[in-house]
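Analysis of the macromolecular model
Here's the letter readout for the chains.
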Amino acid sequence: MSSTIRRIAVCTGGGDAPGLNAVIRSVVVAAINRGWECYGIRDGFNGILFPERYPDGGVFRLTKERVRGIAHLGGTILGTTNRGNPLHFPMKMPDGSTRDVDRSGEILEYFAMKELDALVSIGGDGSLTIANALHQKGLRVVGVPKTIDNDLDKTFTTFGFDTAVAFATECLDRLHSTAESHQRVMVVEVMGRYAGWIALHTGIAGNAHAVLIPEIPFDIDKVAAKVVARDVEGHPYTIVLVAEGAEPAHGHREVVEAAEIGHAERLGGIGERVGRAIQERTGKDTRVVVLGHLLRGGSPTSFDRLAAMRFGTAAVRALGEGQSGIMVALGFPNVNYVALEEVAGRMKAVPLDSDTLQTARDLGIELGD
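What you see is a predicted model, and the numbers here were worked out from it, not measured in a lab. (Residues numbered from 1 in each chain as written. Predicted model: local features only at pLDDT ≥ 70, side-chain atom pairs only at ≥ 80, totals over all residues. Heavy atoms only, no water.)

**Quick word on the sheet that holds strand β7 (residues 141-145)**
The mixed open sheet is built from seven strands, whose spatial order is β3-β2-β1-β6-β7-β14-β15. The sheet is open, and its two borders are formed by β3 (59-61) and β15 (335-339), each paired with just one other strand. Between one strand axis and the next, the sheet turns through 25° on average, direction left out of account. Strands β1 (7-12), β6 (118-123), β7, β14 (326-330) and β15 of the sheet are contacted by helix α9 (residues 302-320), whose axis makes an angle of about 145° with β14. (Pairing = 2+ DSSP bridges. Helix = DSSP H or I, 4+ residues; strand = E, 2+ residues; numbered from the N terminus. Axes fitted to C-alpha atoms, helices over the stretch in contact; angles between N-to-C directions. Contact = heavy atoms within 4.5 Å.)

**What about the packing of aromatic side chains?**
What the rule picks out here adds up to three aromatic pairs. Their ring planes at 40° and their centres at 5.6 Å tell us that phenylalanine 50 and phenylalanine 89 sit as a pair that is tilted. Here phenylalanine 50, found in the loop between α2 (46-49) and β3, pairs with phenylalanine 89, found in strand β4 (residues 89-92); they are 39 residues apart in sequence, far enough to count as distant. For the cation-ring pair, arginine 230 lies above tyrosine 237, with the distance from its terminal atom to the ring centre recorded as 5.0 Å. The residue whose ring lies beneath lysine 348 is tryptophan 197, and the NZ or CZ to ring-centre distance is 5.2 Å. (Phe/Tyr/Trp six-rings, centres within 6.5 Å; stacked < 30°, edge-to-face > 60°. Lys NZ or Arg CZ within 6 Å of the ring centre and 35° of its normal.)

**What to know about unusual backbone geometry**
For the bond from phenylalanine 332 to proline 333, the omega torsion is 5°, close enough to zero to count as cis. Looking at the secondary structure, you find proline 333 in the loop between β14 and β15. Positive phi is not limited to glycine here, since glutamate 115 has a value of about 55°. Relative to the helices and strands, glutamate 115 is located in the loop between α3 (104-113) and β6. A positive phi angle is found at glutamine 183, which is not glycine, with a value near 55°. Among the secondary structure elements, glutamine 183 is positioned in the loop between α5 (161-182) and β8 (185-190).

**Observations regarding the pairing of β4**
Walk down a regular strand and you will see the side chains alternate between the two sheet faces. Relative to strand β5 (residues 98-101), β4 is paired through four bridges, and the arrangement is antiparallel. Residue pairing across strands places methionine 91 opposite arginine 99, the latter belonging to β5. Counting the residues between successive antiparallel strands, the hairpin from β4 to β5 contains five residues, one of them, glycine 96, with a positive phi of roughly 90°.

**Notes on the nonpolar core**
Within the largest apolar cluster, 38 residues are counted, with the highest numbers of intra-cluster contacts made by Ile8, Leu62, Val120, Ile122, Val144 and Phe159. Secondary-structure elements contributing two or more residues to this core are β1, α1 (20-32), β6, β7, α9 and β14. The next biggest cluster of nonpolar side chains, apart from the first, holds 35 residues, and it includes Val165, Val190, Trp197 and Leu241. (Core = buried A, V, L, I, M, F, W, Y, C linked by side-chain atoms within 4.5 Å. Buried < 20%, exposed > 50% of the residue type's maximum accessible area, 1.4 Å probe, protein only.)

**Focus: the environment of serine 181**
Mapped onto the elements, serine 181 comes out in helix α5. Between the C-alpha atom of serine 181 and that of cysteine 38, which follows or precedes it by 143 residues, the distance is 54 Å. Here serine 177 takes part through its backbone oxygen, which lies 2.8 Å from a polar atom of the side chain of serine 181. (Polar contact = N/O pair within 3.5 Å; in protein donor to acceptor, adjacent residues only side chain to side chain.)

**Quick word on the sheet that holds strand β13 (residues 286-290)**
What the four strands build is an open sheet, ordered β9-β10-β8-β13; its pairing is parallel. Two strands close off the open sheet at either side, each with one partner strand: β9 (210-212) and β13. Strand after strand, the sheet turns through a mean of 15° between neighbouring axes, direction not considered. By the bridge criterion, six bridges tie β8 to strand β10 (residues 238-243) in an arrangement that is parallel.

**Quick word on the pattern of salt bridges**
Where charged atoms of side chains with opposite charge meet at close range, the side chains can pair. Inspection of the entire model under this criterion finds 15 salt bridges. A salt bridge links aspartate 153 to arginine 346, with the nearest nitrogen and oxygen atoms 3.0 Å apart. A residue pair is termed long-range when its members are at least 10 positions apart, and aspartate 153 in the loop between β7 and α5 and arginine 346 in the loop between β15 and α10 (355-362) qualify at 193 residues. Given a relative accessible area of 15%, aspartate 153 falls into the buried group. Overall, arginine 346 belongs to the partly exposed group, its relative accessible area being 38%. What you see here is one network of salt bridges that share partners, running through Arg6, Arg7, Glu37, Arg61 and Glu115. (Salt bridge = Lys/Arg side-chain N within 4 Å of Asp/Glu carboxyl O.)

Below, the structure written as structure tokens:
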């Protein structure tokens, strides 16, 4: 692996998150200021694996002009995908069956053919697992942690999380007034997959009365008792916040779409289940709101925008220092480097002894346990 860098590529994979464009811009500007060329890969690695889909090129030159004025925009100018992991790519066989194929070699061949010296991979657990595999196969790679779920290990936070919590909190603020006016129970389902970070932080900031997270299997009878207790106290409305991965103590997690070759299972439906159970037990008029992909869109908060720019420039600095196989991570006071192998395949759940969780308990928020 040559120490000299002339050209780098950047890609965004997995679900979109506010701040992706800010990372892209900071990578491009920092790279060009070092005299490097920068290229963007469309839709994860699809720009390399399916060039025929892109008449204007699946990989294209990123200039300062191309990334001007994008830092405040949601989404990603490169596009993204959470289907088609190149390490386990679903390929149709002549007999009609689907087989798991490793296509990572095609990515390595492309980098060699185009004389691309390194990759900045922006993504969550799945994308960074792919990045680590490419590093182990000889590609120079630096990862940037991205997920609204905040479930990546070894970093204080991921960009996109603060924006998601801020928007979800604003939604709760609005729901308080309509729930109180109609004396209803409002059940709000938020994203987060198997971690409860979004639900817990939003629930506390938005004054929810019950918060159900994957880390604590819940007893629906205790949630219903909270609703009844509020009625007795003269507060005939309740806000219940539910993480999409939450599950009852004696039940199962709600899955909309089962896992298949190339993509993970899709969660959803727990809000409706909780809403029905509360109405059956209390007789209260209960409505369900699923915030879903609303949490992914929109302009990043100033915190996420700054974190994204710090991550992007740190990734370029790391490459300039000869680093590879690392993820840039937010610590205090500086951005740190963490080995990708320490991150890949690992999830950061809400610690049961965290002060944030204890804050919820001290405030009287029902956690279902």
